[in-house]
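Observations on chain architecture
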Amino acid sequence: MVQQTTTSYRSQTGYAPIDAVRYGQAALVEPHHHSETDILMYRMSGAAGATGMTEAVRIGDEPDLLFLSRGTGMAAEGKVAGTRFTLQANRDLRATFVPRGVDTSVTFAASAYSSNLMFPRNYLTSLLEGRNRDGFRPITFTDEKCIIQLYQLLEAEIMAPGFASRLVVEGLSRAIAAKLIGIDPTALHLEADRIHLPPWKLHRLLEFIEGNLDREIHLKELADVAGLSVFHFSRVFKHSTGASPYRYVCEKRLERGRSLLAKTELGIAELALSCGFSSQSHFTAAFTKAMGVSPGRFRRERRL
């Protein structure tokens, strides 16, 4: 009998519920919500002492789901969109993508572990700017290295967001979506390499970034200011500045944070808002990750 997980966590908008996937045995679930994009990442593992086989069932009206799983040395089988499949026993790391609208059920070892990403409704489609004319198709247990590596980078950013986290997550999610529908990145790079930002347009773009460091900045916003598609923008921006949009915004926010800590009496919570963070805790974690010391310690050391 398939049961709900024991976890009832949902993202703030309800687009990405963990209980969209129901497990045959109670599973241990560790959720991580990326508040800037509403992507939900959760790690699922079998409860202590779990043995034998279990089943995961997902109905088609649930969010787009991408997950990584490593083989347990036992075979797995299931059904995707009404088509049965069998996965031979292995211990390989593989990726599976189940788009919204596709029913799935998988029978697998109860001791298995997976890392799962649930995307808000239409999030991946919106990132493709009309290039996804045929819709997403399921991809079952692929060992495609690029998808696995992109997933791992996205997982790391959601676990420990940095100073320009939304830009990173949007960029990685767009790269994943493009890979899922088969867009050739080489062709996009060749197109971007023929584009150059005139000095006046670059100046306008950098002024826009400087004037909006206190809020979330979307990659599409930057591309619109530059008059480019998001598929070309990041590469063209790096040609013009020597840094990716993420790295540039990150450095500017970090520079502002250091300056405010050293030269003002702003509280950390207020300072966090000035650097584009929704909470003091997120700012503190990102600053400590970037500088190796907490904001409070950084301020004290600069005033000795």
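Before going into details, it helps to say that this report is about the structure given with it. Note that the structure is predicted; figures quoted are calculated from it, not measured. (Residues numbered from 1 in each chain as written. Predicted model: local features only at pLDDT ≥ 70, side-chain atom pairs only at ≥ 80, totals over all residues. Heavy atoms only, no water.)

1. Section: the sheet that holds strand S10 (residues 113–119)
- Reading across from one edge, S2-S3-S10-S5-S8-S11 is the order of the six strands in this open sheet, with antiparallel pairing throughout. Because the sheet does not close on itself, it has two edges, and the strands there are strand S2 (27–34) and strand S11 (139–142). Adjacent strand axes in the sheet meet at a mean angle of 15° when their direction is disregarded.
- The pairing of strand S3 (residues 39–46) with S10 spans six bridges and is classified as antiparallel. Paired with Leu40 across the strands is Met118, a residue of S10.
- Packing against the sheet, helix H3 (residues 165–181) makes contact with S2, S3, strand S5 (64–70), strand S8 (93–98), S10 and S11, and its axis sits at approximately 115° to S2. (Pairing = 2+ DSSP bridges. Helix = DSSP H or I, 4+ residues; strand = E, 2+ residues; numbered from the N terminus. Axes fitted to C-alpha atoms, helices over the stretch in contact; angles between N-to-C directions. Contact = heavy atoms within 4.5 Å.)

2. A word on the packing of aromatic side chains
- Applying the stated criterion across every chain, the model contains eleven aromatic pairs.
- With 5.1 Å between their ring centres and 85° between their planes, Phe163 and Phe277 make a pair best called edge-to-face. Separated by 114 residues along the polypeptide, Phe163 in the loop between helix H2 (145–159) and H3 and Phe277 in the loop between helix H9 (268–274) and helix H10 (280–291) bring together distant segments of the chain. The pair Phe163 / Phe277 is uniform in exposure class, with both members buried.
- Ring centres 5.6 Å apart and planes at 75° place the aromatic pair Phe237 and Tyr248 in the edge-to-face group. Of this pair, Phe237 sits in helix H7 (residues 230–241) while Tyr248 sits in helix H8 (residues 245–263); the two residues are eleven residues apart in sequence, bridging distant segments of the chain.
- Classification of Tyr248 by relative accessible area gives buried; the value is 17%.
- By way of ring pairs, the aromatic residues Phe163, Phe277, Phe283, Phe287 and Phe298 are connected into one cluster.
- Here the basic side chain of Arg131 rests over the ring of Phe231, its NZ or CZ set 4.3 Å away from the ring centre. (Phe/Tyr/Trp six-rings, centres within 6.5 Å; stacked < 30°, edge-to-face > 60°. Buried < 20%, exposed > 50% of the residue type's maximum accessible area, 1.4 Å probe, protein only. Lys NZ or Arg CZ within 6 Å of the ring centre and 35° of its normal.)

3. Remarks on the nonpolar core
- In terms of nonpolar packing, the biggest core is built from 66 residues, with Phe233 and Phe283 touching the most fellow members.
- Ranked by the residues each element gives to this core, the list is headed by H3, at eight residues.
- Not counting residues up to four positions away in its chain, the partners in contact with Phe233 are Leu205, Leu219, Leu222, Ala223, Ala226, Leu228 and Pro245.
- In this structure, Ala27, Leu65, Ala76 and Phe108 belong to the second largest nonpolar core, which totals 21 residues. (Core = buried A, V, L, I, M, F, W, Y, C linked by side-chain atoms within 4.5 Å.)

4. Details of the pattern of salt bridges
- Counting across every chain of the model gives ten salt bridges.
- The partner of Glu301 in a salt bridge is Arg297, with the nearest N and O atoms 2.8 Å apart. Taken together, the positions of Glu301 and Arg297, both in helix H11 (residues 295–302) and four residues apart, correspond to about one turn of that helix.
- Note on Glu301: relative accessible area 34%, which makes it partly exposed.
- When salt bridges with common partners are traced through the structure, they connect Glu30, Arg43 and Glu155 into a single cluster. (Salt bridge = Lys/Arg side-chain N within 4 Å of Asp/Glu carboxyl O.)

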